Amino acid sequence: MQTVFYSRVSTADQTLAHQEQQARDAGFVIDRVVADQGVSGVSTRLADRPEGKRLFDMLRGGDQLVVRWVDRLGRNYADVTETIREFMKRGIVIKTVINRMTFDGATTDPMQQAVRDALIAFMAASAQAQAEASKVAM
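Given the structure is predicted, the values throughout are model-derived calculations rather than measurements.

1. Looking at the environment of Arg-85
Residue position: Arg-85 is located in helix H3 (residues 77-89). What makes Arg-85 partly exposed here is its relative accessible area of 36%. Residues Arg-85 and Gln-64 lie 21 residues apart in sequence; the distance between their C-alpha atoms is 14 Å.

Shown next, in the form of structure tokens:
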């Protein structure tokens, strides 16, 4: 089992080092860091990014994927929800630094699954809405 931290920066005011340090400060023990720099989370699916592809290849059941927030996985609703579901299906646990959220496929209770899936959908929709709001503001 390994803990992999994934980071993505797409603007000049973001840094990979800052995101990683936030994770370490939050108590995450990171075995590997995988990062995409200068890649849009709106127009490029995680699986199509150079380092995003590596995540799909390297992560195995029992591994943990840590991200600062789900918007680092992407800012496209369909891509983020599909990615998280795919990782959970493979037995990979996704954890966020902000708010310490944990997404896994461990629960078999339909109500808990529904709540988890609704939360994933809400967070993915929020990430996309923030990206769209940024475009309008520019």
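Having put the structure on the table, let's press on.
2. Details of the pairing of strand S4 (residues 93-96)
Here four bridges tie strand S3 (residues 64-67) to S4, and the two strands are oriented parallel to one another. Following the sheet pairing, Gln-64 is matched in S4 by Val-93. Taking the sense of rotation as the criterion, the β-α-β connection linking S3, H3 and S4 turns out right-handed. Pairing analysis gives two bridges linking S4 to strand S5 (residues 102-103), with the strands arranged antiparallel. By the bridge assignment, Lys-95 is partnered in S5 with Thr-102. Joining the antiparallel neighbours S4 and S5 is a turn of five residues, in which Asn-99 adopts a positive phi near 70°.

3. Things to note about the packing of aromatic side chains
Working definition: an aromatic ring pair is given by the centre-to-centre distance plus the angle between the planes. A complete count under the given rule lists one aromatic pair for this structure. For the pair Phe-56 and Phe-87, a centre-to-centre distance of 4.8 Å together with 35° between the ring planes defines the contact as tilted. In this pair, Phe-56 sits in helix H2 (residues 50-58) while Phe-87 sits in helix H3, placing the two residues 31 residues apart along the sequence. Taken individually, Phe-56 and Phe-87 each receive the classification buried, so the pair is uniform in this respect. The lysine or arginine in question, Arg-100, covers the ring of Phe-28, its NZ or CZ lying 4.4 Å from the ring centre.

The rules behind each value
- Residues numbered from 1 in each chain as written.
- Predicted model: local features only at pLDDT ≥ 70, side-chain atom pairs only at ≥ 80, totals over all residues.
- Heavy atoms only, no water.
- Helix = DSSP H or I, 4+ residues; strand = E, 2+ residues; numbered from the N terminus.
- Buried < 20%, exposed > 50% of the residue type's maximum accessible area, 1.4 Å probe, protein only.
- Pairing = 2+ DSSP bridges.
- Right-handed = clockwise from strand over helix to strand, strands pointing away.
- Phe/Tyr/Trp six-rings, centres within 6.5 Å; stacked < 30°, edge-to-face > 60°.
- Lys NZ or Arg CZ within 6 Å of the ring centre and 35° of its normal.

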